[in-house]
Amino acid sequence: MSNTASDEELLPAAPGGVQSVDRALRILEILARSGESGVTEVAAALAVHKSTAFRLVATLEQHGLVEQVEGRGKYRLGVGLLRLAGATSARLDVVQEARPLCKQLATATGETVNLATLSGGSALYLDQVAGPSALQPHNWVGQHIPLHATSNGKVLMAWLEDDELKQLLGRLPSYTGLTITSRAALRKELELVREQGYALAVDELEVGLAAAAAPVRNAHGDVVCSVSVSGPTFRLTDERMPHVLPLLVEAADELSHRLGWGAR
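Draft legend 1. Region of interest: the overall build of the protein chain. Helices and strands together make up the secondary structure of the protein chain, namely nine helices and eight strands. Buried residues in the protein chain amount to 42% of all 264 residues. Taking all contacts inside the protein chain whose residues are at least 6 apart in sequence as the whole, residues at least 24 apart take part in 54%. For the protein chain, the accessible area works out to roughly 14300 Å², and carbon and sulfur atoms hold 54% of it.

Written out as C-alpha cells, the structure reads:
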C-alpha cells in the first residue's frame, strides 16, 4: 500500500456497508441533529481528516442534499432531501388512503388485496390486506414482481407512453406455460386492458394463482398505482370473476377520487 493512502483507505469499512456511503449518511444525521455544522466539526464527529470530510460534504452538496449557510462557513440539510422525502410521502399518502378501501374489498371478496406501483422495471407492492378466505397468504409488501406476468404489472404498463413502454419491454421470461413472452402478444394484451379498464392474470406467474387488477389515478389522471384481488384459481373461477371485478373497479375508482381524480 502506498504511503500516500488517505484515511478513507486506511480506516476499516462500516460493517455490512461501503465506508464512504456510511460516512455520508452519518453527515446527514449530524446535520439533522445540529441544524448547522462546519467541516471541522463534521471531521471530528466522524474521526476523519478534514480533507476527507470536505470531499464528502462537497459530494452531498453537488446532489443538493446539503447546502452552505451563506456567510457562516457551515452546512445544513439541503432541499434535495425534500424531493426524496416527497416521493416517499406521496406513496405513504396513497397507502393511507387505500387501506380502508382495501380492507372493505378484502372483506367483500374474501381474497387477498394488494396495492402496487411501478418501480423501475417491476411492480413494487406497497400494501396487502388478507381477506377471510385467504389462508396464510404470502406477504408481498416491499417485494418486486415482474410486470408482464401479473395483473398489477399489466395495469401499470397499459397507460404508459410508448417510449416508456419500450424501455420496459426487454426480455420477457416465462414463469409458467401461460406466461406472455411475446412483445406483440403483450402489446395486444395491454390494448385489451385499456379497453376494459382492468387486467387479468391466471396461471401466468404461478400455476394455481389468479388475479385481477384495476388502475388508480391521481388528480392529473395519471395511473400511479394499481389495486388487485388475488387468490387460488379454484376460488377465483371464470364464473366468480364477473362478481369480483365490479367490486375491484369500484374500489380503485373510489381511491382515485380520494386522490383528486375527477373531483366530485
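Draft legend 2. A look at the nonpolar core. In this structure, Leu105, Val113, Leu115, Val227, Leu248 and Leu255 are the most contacted members of the largest nonpolar core, which totals 28 residues. Looking at this core, the elements with two or more residues in it are helix H5 (80-109), strand E3 (112-119), strand E4 (122-129), strand E7 (209-217), strand E8 (223-232) and helix H9 (241-258). Those residues in contact with valine 227, other than ones at most four positions away along the chain, are Leu105, Val113, Asn114, Leu115, Asn152, Ala212, Ala213, Ala214, Val216, Leu248 and Leu255. Ranked by size, the runner-up nonpolar core spans 18 residues in total, among them Tyr125, Leu147, Val155 and Ile180.

Draft legend 3. Layout of the packing of helix H2 (residues 19-34) against helix H3 (residues 39-46). At a minimum axis distance of 11 Å, the contact between H2 and H3 shows a crossing angle of 120°. Regarding the angle of H2 to H3, the classification is oblique. Our pair here, H2 against H3, has a crossing hand that is right-handed. Taken together, the residues of H3 that come into contact with H2 (itself represented by Arg23, Arg26, Ile27 and Ile30) are Val42, Ala45 and Leu46. Of the residues that constitute the contact of H2 with H3, the class distribution is five nonpolar, no polar and two charged.

Draft legend 4. Seen up close, the pattern of salt bridges. This structure, assessed with the given rule, holds eleven salt bridges. Aspartate 22 is the salt-bridge partner of arginine 26, the closest N and O atoms lying 3.9 Å from each other. Pair noted here: arginine 26 and aspartate 22 are both in helix H2, with a separation of four residues, about one helical turn. Here arginine 26 falls in the partly exposed class, since its relative accessible area comes to 31%. Relative accessible area serves as the criterion here: at 28%, aspartate 22 is assigned to the partly exposed category. The shortest N-O distance in the salt bridge between glutamate 204 and lysine 154 comes to 3.0 Å. Residue glutamate 204 is found in the loop between strand E6 (199-202) and E7, and its partner lysine 154 is found in helix H6 (residues 151-158); the two are separated by 50 residues along the sequence. Lysine 154 shares its class with glutamate 204; the two are buried. Through salt bridges that share partners, Glu111, Arg235 and Arg240 make up one connected network.

Parameters and conventions
- Sequence order as written defines the numbering, with residues in each chain counted from 1.
- Local features are withheld for residues below a pLDDT of 70 in this predicted model, meaning they are given only at 70 or higher, and side-chain atom pairs are given and counted only at 80 or more; totals for whole chains, interfaces and linings count all residues.
- Side-chain metrics in this entry use all non-hydrogen atoms of the structure; hydrogen atoms and water are not considered.
- Elements are defined by DSSP. Helices are runs of H or I of four residues or more, strands are runs of E of two residues or more, and each kind is numbered from the N terminus.
- Each residue's exposure class comes from its accessible area (1.4 Å probe, protein chains only) as a fraction of the maximum for that residue type: buried when under 20%, exposed when over 50%, partly exposed otherwise.
- In what follows, a contact means two residues having at least one pair of non-hydrogen atoms within 4.5 Å.
- For the accessible areas, the method is Shrake-Rupley and the probe is 1.4 Å, while residue cover comes only from the protein chains on display.
- We call a set of buried residues a nonpolar core when its members are Ala, Val, Leu, Ile, Met, Phe, Trp, Tyr or Cys and they connect through side-chain atoms within 4.5 Å of each other.
- Note on method: axes are straight lines fitted to C-alpha atoms, helices fitted across the in-contact stretch only, with angles between N-to-C directions ranging 0 to 180 degrees.
- Comment on the angle field: the value is read as roughly parallel under 35 degrees, roughly antiparallel over 145, roughly perpendicular from 65 to 115, and oblique elsewhere.
- It is the rotation of the near helix from the far one that decides the hand of a crossing: anticlockwise by less than a right angle makes it left-handed, clockwise makes it right-handed.
- Three residue categories are used. Nonpolar comprises Ala, Val, Leu, Ile, Met, Phe, Trp, Tyr, Cys and Pro, charged comprises Asp, Glu, Lys and Arg, and polar comprises the others, including Gly.
- Between Lys or Arg on one side and Asp or Glu on the other, a salt bridge is scored when a side-chain nitrogen of the former is within 4 Å of a carboxyl oxygen of the latter.

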